[in-house]
Amino acid sequence: MTRDIPMVEVWRGPFAESLHRGQAVICHASGAIVAAWGEPHQVILPRSSAKMIQALPLVESGAAKAFGLRQDQLAIACASHIAAPMHTDLVGRWIADLGLDDDDFRCGAESPRHRETKVEMIRSGGHPCQVHNNCSGKHAGFLTLTKHLGAGPDYVDPDHPVQIAVREAFEDITGAPSPGYGIDGCSAPNFGTTLYGLGRAMAFYAGARADGTTMRERAAAQLRDAMIAYPALVAGEGKCCTDLMRAADGQAAVKTGAEGVYVAILPQQKLGIALKISDGATRASECAIAMLLVRMGVVSAQDPRVQKYLMPVTKNWRGIETGFLRPAPDVFA
């Protein structure tokens, strides 16, 4: 990464044992950069932080309305869920209503991230299905759009009408042509953009109005509001996205992406946040996004749901506190 800066420190006793470097940007709905740390024009892959962008054609095409999708379905279309029953039951019913089944997904089977579900699956001799994939909600959205368009079954192909629509929306709201894509863990193309482009896109969602002048704006407002209304569907109990959205109490939609990416949408302030930790460490991206949300006044640093990411204590196998994680001093001042 170019021009990244120290962002998160890991302490053990009196020693700063490790350091995570990164970059971040805050953008206004006008497209202006409000604040930046490091190089905001660094090209990154947004990974799952872009799921609300990938869901945009589902709504603006009219597919969501045509199939009578509810707000909870729009929320899980933007999710990286843990495959708890609340997630898999919702996605399973959705695809059944489409007249489809698990074999129609193209995301691949994944072991549930929800511990109780995983343990029960092992005990019963079961095996994970594609609905357990953390991206299955997004893929249910892709399948809905595929059916609406009357397109072929390989909806993750970059040349498929679904992904062509995703790329067009992505390039429009990030403000520049994508320099390319990588294939994500769920097999869908993940389009590259600059950190600024990602922050600009989140600011577009922040400024979008339900009664906006364009269908794209109205679709963005629907997806943002769905995420805020259903934080547990966006991730799951005990997960950072869910915890921080609950702590924000309606003031933010928060979404993680693999390899140290995080975004936030702040509708009351019409601001979008995007950050990338250079070494891809989730512990550091969670700390950094918590600090930025504190800085913007949407969560309290004293809230236990924020503290567990902002300055988590490390313990050894005997339960003895050995150190802590914290934002690098004065970085986000």
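Relevant structure appears above.
This one's a predicted model, so the numbers in the text were calculated from it and none came from an experiment.

Engineer: Please explain the pattern of salt bridges as it appears in this structure.
Structural biologist: Any two side chains of opposite charge can pair, on the condition that their charged atoms come close. All chains considered together, the criterion is met by 17 salt bridges. One salt bridge connects Arg3 with Glu39, and the closest N-O pair in it is separated by 3.0 Å. Here Arg3, found in the segment before β1 (5-12), pairs with Glu39, found in the loop between β3 (33-37) and β4 (43-44); they are 36 residues apart in sequence, far enough to count as distant. Using a relative accessible area of 14% as the deciding quantity, one classes Glu39 as buried. Across the pair Asp4 and Arg21 runs a salt bridge, and its minimum N-O distance is 3.0 Å. With Asp4 in the segment before β1 and Arg21 in strand β2 (residues 15-28), the pair connects residues that are 17 residues apart, well separated along the chain. Classification of Asp4 by relative accessible area gives buried; the value is 14%. Assessed through its relative accessible area of 34%, Arg21 is described here as partly exposed. A single salt-bridge network, built from bridges that share partners, covers Glu60, Glu168, Asp172 and Arg216.

Engineer: Would you mind going over the side chain of Gln130 with me for this structure?
Structural biologist: Following the sequence through the fold, Gln130 ends up in the loop between α6 (115-124) and α7 (136-149). The buried category is assigned to Gln130, whose relative accessible area is 13%. Within the structure, the side chain of Gln130 is placed 2.8 Å from the backbone nitrogen of Gly108, a separation counted as a polar contact. Every residue in contact with Gln130, bar those within four places of it in the chain, is listed here: Asp102, Asp103, Phe105, Arg106, Cys107, Gly108, Ala109 and Ser136.

So, how was this worked out
Residues numbered from 1 in each chain as written. Predicted model: local features only at pLDDT ≥ 70, side-chain atom pairs only at ≥ 80, totals over all residues. Heavy atoms only, no water. Salt bridge = Lys/Arg side-chain N within 4 Å of Asp/Glu carboxyl O. Helix = DSSP H or I, 4+ residues; strand = E, 2+ residues; numbered from the N terminus. Buried < 20%, exposed > 50% of the residue type's maximum accessible area, 1.4 Å probe, protein only. Polar contact = N/O pair within 3.5 Å; in protein donor to acceptor, adjacent residues only side chain to side chain. Contact = heavy atoms within 4.5 Å.

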